[in-house]
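Survey of secondary and tertiary structure
Residue strings, one per chain:
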Amino acid sequence: MEVKGAIMAILPELEELGEVDFEQYSPPYPNLLKAFLESGKKGLPEFERFAESTVGKDAVGRVLLSLLQYLLIRYRRFEDYSVVKPTIKVFLTLKGWLIENGLGKDWNRVLGSFIGYLVSMLPLIAEHEDKDIALAYTKLMENLTREASEKFDEDYYYELLERVNELKKR
């Protein structure tokens with residue numbers, strides 16, 4: 001199965017995913033992804049309908065979460081800059097999907113588990129992108145980190161927020 005093609009069919013608007021090496025990615029529901037790719041359909045809403053009619057709607061969340069985890073592993077293991085922007089965009093896509101489907105508690109778990117990794121990407125974004133784009137990503141991380149610090153009353157999230165604010169000043 002061509003994993004990259006299937007992922008690109010599900011999230012065609014995330015063109016940056018085209019630069020990501022998916023050779024080591026072992027997605028959940030490989031038969032579902034293959035069938036969706038072969039169907040010629042495109043987009044997350046189409047994938048959601050396709051999944052719901054075959055294996056169940058929850059497969060969509062599992063695929064998005066698995067993709068997010070794979071991108072984060074590539075980032076952490078290889079410091080692969082090509083995954084940075086797609087990781088953040090998949091994170092936001094997962095947030096939207098979870099909230100839209102009434103899975104706010106799952107969103108809280110995802111936010112609490114992964115926001116630190118996203119904040120750690122900000123210096124790389126500042127290094128590779130122009131100032132306006134870097135500032136936009138920094139403001140986004142500030143909002144997400146503030147959300148985490150409000151939901152989880154733990155020092156870790158306040159420290160992340162301080163780190164983001166320091167990076168914003170640069």
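Analysis parameters
Residues numbered from 1 in each chain as written. Predicted model: local features only at pLDDT ≥ 70, side-chain atom pairs only at ≥ 80, totals over all residues. Heavy atoms only, no water. Helix = DSSP H or I, 4+ residues; strand = E, 2+ residues; numbered from the N terminus. Polar contact = N/O pair within 3.5 Å; in protein donor to acceptor, adjacent residues only side chain to side chain. Contact = heavy atoms within 4.5 Å. Core = buried A, V, L, I, M, F, W, Y, C linked by side-chain atoms within 4.5 Å. Buried < 20%, exposed > 50% of the residue type's maximum accessible area, 1.4 Å probe, protein only.

A word on the side chain of Glu129. Relative to the elements of secondary structure, Glu129 occurs in the loop between α7 (122-128) and α8 (131-151). A distance of 2.8 Å separates the side chain of Glu129 from the side chain of Tyr81, its partner in a polar contact. Engagement of the side chain of Glu129 in a polar contact is seen with the side chain of Lys85, the distance being 3.3 Å. Apart from residues no more than four positions distant in its own chain, Glu129 is found in contact with Tyr81, Lys85 and Ala134.

If you look at the biggest cluster of nonpolar residues, it comprises 58 residues, and the most contacted ones within it are Leu11, Phe22, Phe47, Phe91 and Ile115. By residue number, the principal contributor to this core is helix α4 (residues 58-78), which donates 10 residues.

Tracing the backbone through its elements, the reader meets Val60 in helix α4. With 36 residues separating them along the chain, Val60 and Gly96 place their C-alpha atoms 12 Å apart. Among all residues touching Val60, those that are not within four sequence positions of it are Leu44, Phe47, Glu48, Ala51 and Trp97.

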